[in-house]
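Listed below, chain by chain, are the residues.
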Amino acid sequence: TSSKKSVGVYDFHWTYHTSASNNISEADPCYVSSIDAETLHVTPLGKMTLPPPMSLRQVPLSTTPTALACTKDFLVTIQSSNKLFVHAINTENDEISEVGSFDLPDGVLGRNVHHFNANVPPSNLLVIYFINSVEDATTDQLYEVKFDVEKADDGKVTVSQRATLKFDLRTKVTNLCLSFVSTIDRSNHFYKMLETSSSQFPSFGPLGGNNLEKDGVWIQYFDGSAERLSLNSEDSSISVDTTVSLKKPVKQMMAVKNEDREVLISLGHTGVLMVDDKIITNEATSFAIHQNFLFFVNGGSQPYHALYIYDLNKPLPVSGEDGKIPVLPVAESGSFNVRNVERGSRIVGAYGVKTFLQLPRGNLETIYPRLVMLQLVKYQIESLEYKAAFALIRQHKLDMNLFYDINPEKFMANLGKFVSEIKKTDSLNLFINALVNEVGQESLLFAENVSTVEEYPNPLVRQERNKVNIICNALREELIKADERGYVLS
């Protein structure tokens, strides 16, 4: 007699998720956690780059976790005991302590939970989302579990469960991400410096952050279609706001704002990176969202791979109506949107002006993309934070002429403040020696649709051919006012 036999094929695709992956916090130090049996290894990459299995903190658990979610303030695990455990993270000293354990909802087994995600809105809430795959059923269930968070004056955190909601989905789910919308004007000031416990690790983030406008998630089903769902907590009903056809299941997706509308960015198993149903590239290996930027690594047969960075406030390079994939710039073109990285590099996360890559041999590398730094420098100069801007420009060899070119009138009106903050003779001499009458490419970056000095929108920059003399004469007057002998060398 013959019997039917089957062969199961499992294809594993790895993606990275850090506390900063949801891009919702101003001062998220990019915590990354790995599971080692009954221990969680946790490291804030924004403060130190420790490749696994090394870690800053080790969190012992009672059993091996089957699901893990991480935010700036909490680690949430589902363990094989079918309980949900919440650990609080003290971002000042990175100490981690258990603050509560809760039973999973009735009928939910830890082994059936997938696409586990957590969010901490501005209000004192911790919200957990996950998919429950019911055994021998043709549909899945979406759960939303809300916890109240209280922080005492002594820093102790307590968590209490508020509500659990269950939503029945129409079929089986292959992916889930949270829906975030911007609450700020991202067209102007992107950053501010945040007070931290240690000046060694200043934290920069988008003003206001990204927050949930209303309860909502993006769901992708096995037929490839993706839907943005609004969740009604009163009657546990679901309404579909937007539908995007992705044709095939993807391994990673994130919802972001692009030019004042919410879009879904997804990465397929074959390397196709899409914005909604439009293609950016078909050779991507990883992507991440950080502040107002889309980062992705593009593979290919070249000796190096390329890291691309695009501002989400501007149009993204996507395929047109004819389906033709756009031609992306190469590093040799001098574009600020691309730089070469080691072949096989993958994006792990980002913090401030840092981006963390995992290289093929396993170690982590920290880089400082110029496009991100330039926007931070622009904000610091506009905010008259000359000392911080000078330190960043000097450390990363940016153009000193940015101090004048970004806003000539403001710089000349505040030249005295510039001198008092920079102060050191060597630093002032470095600034003076770097001055040129021409406008550099880094300055042109901040002017829309401008490629030459003649097109520069500010008339002082466009028309002035004697910039160096004007600045030096005004600077000399300020140095005389300061009446310090050290400036006789400037």
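Given the structure is predicted, the values throughout are model-derived calculations rather than measurements. Going along each chain's sequence as written, the residues are numbered from 1 onward. Whole-chain, interface and lining totals are the exception, using all residues; otherwise, since this is a predicted model, local features are given only for residues with pLDDT of at least 70 and side-chain atom pairs are given and counted only at 80 or more. Based on all heavy atoms of the structure, the side-chain values leave hydrogens and waters out of the count.

A. Helix 5 (residues 415-422), seen in detail. A 1.4 Å probe rolled over the protein chains alone gives each residue an accessible area, and that area as a share of the maximum for its type sets the label: buried under 20%, exposed over 50%, partly exposed in between. Counting from the N terminus, the helices are DSSP H or I runs at least four residues long and the strands are E runs at least two residues long. When helix 5 is considered as a whole, its buried residues turn out to be Leu 415, Phe 418, Val 419 and Ile 422. In an axial view of helix 5, the angular spread of the buried residues amounts to 95°, which keeps them on one side of the axis. Tucked inside the fold, the buried residues of helix 5 contact helix 2 (386-395), helix 3 (402-405), helix 4 (408-413), helix 6 (425-434) and helix 9 (467-482). For this quantity, the arc is that covered by the directions from the helix axis to the C-beta atoms. When checking whether two residues touch, look at their non-hydrogen atoms; a contact exists if any pair is within 4.5 Å.

B. Region of the structure containing the packing of aromatic side chains. By convention, a stacked pair of Phe, Tyr or Trp rings (six-membered ring in the case of Trp) has centres within 6.5 Å and planes under 30 degrees apart, an edge-to-face pair has planes over 60 apart, and any other such pair is tilted. For the structure shown, the criterion picks out 18 aromatic pairs. Relative to Tyr 143, the ring of Phe 130 has its centre 5.2 Å away and its plane inclined at 10°; by these criteria the two rings are stacked. A residue pair is termed long-range when its members are at least 10 positions apart, and Phe 130 in strand 9 (residues 125-133) and Tyr 143 in strand 10 (residues 140-151) qualify at 13 residues. Side by side, Phe 130 and Tyr 143 carry an identical accessibility label, which is buried. When the centroid spacing of 6.4 Å and the interplanar angle of 85° are considered together, the rings of Tyr 404 and Phe 411 count as edge-to-face. There is no split in this pair, since Tyr 404 and Phe 411 are both buried. Ring pairing ties together the aromatic residues Tyr 386, Phe 390, Phe 403, Tyr 404, Phe 411, Phe 418 and Phe 431, which thus form one cluster.

C. Representation of the environment of Lys 387 in the model. Of note, Lys 387 is situated in helix 2. Here Lys 387 falls in the exposed class, since its relative accessible area comes to 60%. Considering only alpha carbons, one finds Lys 387 and Phe 418, 31 residues apart in sequence, at a separation of 7.8 Å. Ignoring sequence-local partners within four residues, the contact set of Lys 387 consists of Glu 421 and Ile 422.

D. Up close: the side chain of Ser 345. By secondary structure assignment, the location of Ser 345 is in the loop between strand 27 (338-341) and strand 28 (346-351). Pairing of N or O atoms within 3.5 Å defines a polar contact, subject to two protein rules: one partner must be a possible hydrogen donor and the other a possible acceptor, and residues neighboring in sequence count only if both atoms are side-chain atoms. Of the polar contacts made by the side chain of Ser 345, one reaches the backbone oxygen of Glu 342; its length is 2.6 Å. If we ignore the near neighbours within four places in the chain, the residues touching Ser 345 are Thr 285, Val 297, Leu 357, Gln 358, Leu 359 and Pro 360.

E. Quick peek at the sheet that holds strand 7 (residues 96-103). The pairing criterion is simple: DSSP has to find at least two bridges between the two strands. On the basis of which strands lie adjacent, the open sheet formed by four strands has the order 4-5-6-7 and antiparallel pairing. Looking at strand neighbours, the two that pair on one side only are strand 4 (65-70) and strand 7, the edges of this open sheet. For this sheet the average axis-to-axis angle between neighbouring strands, irrespective of direction, equals 20°. Sheet topology note: the strand 6 (residues 83-89)/strand 7 ladder contains seven bridges and is antiparallel. Counted as the bridge partner of Lys 83 is Asp 103 from strand 7. Orientation is described by axes fitted as lines to C-alpha atoms, over the contacting stretch for helices, and by angles from 0 to 180 degrees between their N-to-C directions.

F. Seen up close, helix 1 (residues 370-382). Across its 13 residues, helix 1 extends 18 Å between first and last C-alpha, which sits within 8% of the 18 Å expected from 1.5 Å per residue. In terms of burial, helix 1 is a largely internal element, eleven of the 13 residues being buried. All of the buried residues along helix 1 are Leu 371, Val 372, Met 373, Leu 374, Gln 375, Leu 376, Val 377, Tyr 379, Gln 380, Ile 381 and Glu 382. Among the residues trailing helix 1, Leu 384 stands out with phi positive, at a value near 65°. Expected span of a helix: the number of residues minus one, times 1.5 Å.

G. A look at a positive patch on the surface. Here, patches come from residues exposed beyond 30% relative accessible area and free of salt bridges, joined within 9 Å for like charges and within 5 Å for nonpolar side chains (Val, Leu, Ile, Met, Phe, Trp, Tyr). All accessible-area figures derive from a Shrake-Rupley calculation using a 1.4 Å probe, and residue coverage is judged against the displayed protein chains alone. Between Lys or Arg on one side and Asp or Glu on the other, a salt bridge is scored when a side-chain nitrogen of the former is within 4 Å of a carboxyl oxygen of the latter. Under the counting rule used here, the positive set is Lys and Arg, the negative set is Asp and Glu, and His together with the chain ends is not counted. In this description, the location of a charge corresponds to atom NZ of lysine, CZ of arginine, CG of aspartate or CD of glutamate. Side chains of Lys 387, Arg 394, Lys 423 and Lys 424 sit close together on the surface and give a patch of like positive charge. Tracing the chain through its elements places Arg 394 in helix 2. Under the relative-accessibility criterion, Arg 394 is labelled partly exposed at 45%.

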